[in-house]
Each structure stands twice: as structure tokens, then as C-alpha cells.
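Fold and contact review
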Amino acid sequence: MQRIPLRQASLEGVRPGEALSLGAIMAILAIGIVVVVAYNLFKTNEGSVKLPGGFTFEWQ
């Protein structure tokens, strides 16, 4: 496989912050889901949460 150098116009189009932005958005979504699950679990006297993969949390 041969390497082909990018032209200056192509180099200027590269944005290194896109992966960081996507990672930050995914982290915020994951934190939001955890907060909603924890709130629903702890707001009642007895509660349970069933997550995909066979994970079950119960509050008694």
C-alpha cells in the first residue's frame, strides 16, 4: 500500500475535535441514562430495573 500525501486544501479540511465532541456527547448521554435509572430506582420504597444483558437491580 502506497501512501499519498494530502494536498494543502485537504489538510485544512481535517478537524481533530470531532472525535472529542462525539465522545463528550456520548458521555453526557450515558450519565443522563444512569441518573434517570437511579432516580426511578430510589424514588419508590420498592423498585426494580431490568437492563439489557440480564442485569437486574432491586431496591427493597
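Here the structure is a predicted model, which is why all the values come from computation and not from measurement. (Residues numbered from 1 in each chain as written. Predicted model: local features only at pLDDT ≥ 70, side-chain atom pairs only at ≥ 80, totals over all residues. Heavy atoms only, no water.)

In this section: the overall build of the protein. Each helix and strand in the protein was counted, giving two helices and two strands. The secondary structure elements of the protein, listed N-terminal to C-terminal, are α-α-β-β. In terms of overall dimensions, the protein is more spread out than a globule: its C-alpha atoms have a radius of gyration of 22 Å, far above the 10 Å expected for 60 residues. Summarising its shape, the C-alpha atoms of the protein cover approximately 65 × 25 × 10 Å along the three principal directions. As displayed, the protein offers around 5,900 Å² of accessible surface, 65% of which is attributable to carbon and sulfur atoms. Here the protein holds 5 positive side-chain charges and 4 negative ones, and the gap between their average locations is 11 Å. (Helix = DSSP H or I, 4+ residues; strand = E, 2+ residues; numbered from the N terminus. Rg over C-alpha atoms; globule rule 2.2 N^0.38 Å. Areas by Shrake-Rupley, 256 points an atom, 1.4 Å probe, with all protein chains shown as cover. Lys, Arg positive; Asp, Glu negative; His and termini not counted. Charge placed at Lys NZ, Arg CZ, Asp CG, Glu CD.)

Let's shift gears to the pairing of strand S2 (residues 55-59). In the sheet, strand S1 (residues 47-51) pairs with S2 via five bridges, with the strands oriented antiparallel. Following the sheet pairing, Ser48 is matched in S2 by Glu58. Hairpin remark: S1 followed by S2, antiparallel, with three residues in the connecting loop; positive phi at Gly53, about 95°. (Pairing = 2+ DSSP bridges.)

On the surface, a cluster of nonpolar side chains totalling about 420 Å² of accessible area is made up of Leu22, Ile25, Met26 and Leu29. Tracing the sequence through the fold places Leu29 in helix H2 (residues 17-42). (Patch = residues over 30% accessible without salt bridge, like charges linked within 9 Å, V, L, I, M, F, W, Y side chains within 5 Å. Salt bridge = Lys/Arg side-chain N within 4 Å of Asp/Glu carboxyl O.)

One rule of thumb: low pLDDT means the predicted coordinates there are not for detailed reading. Overall, the prediction assigns the protein a mean pLDDT of 84, with 100% of residues at 70 or greater. Within the protein, the element-level pLDDT minimum falls on S1, averaging 78, and the maximum on H2, averaging 88. (pLDDT = per-residue confidence, 0-100.)

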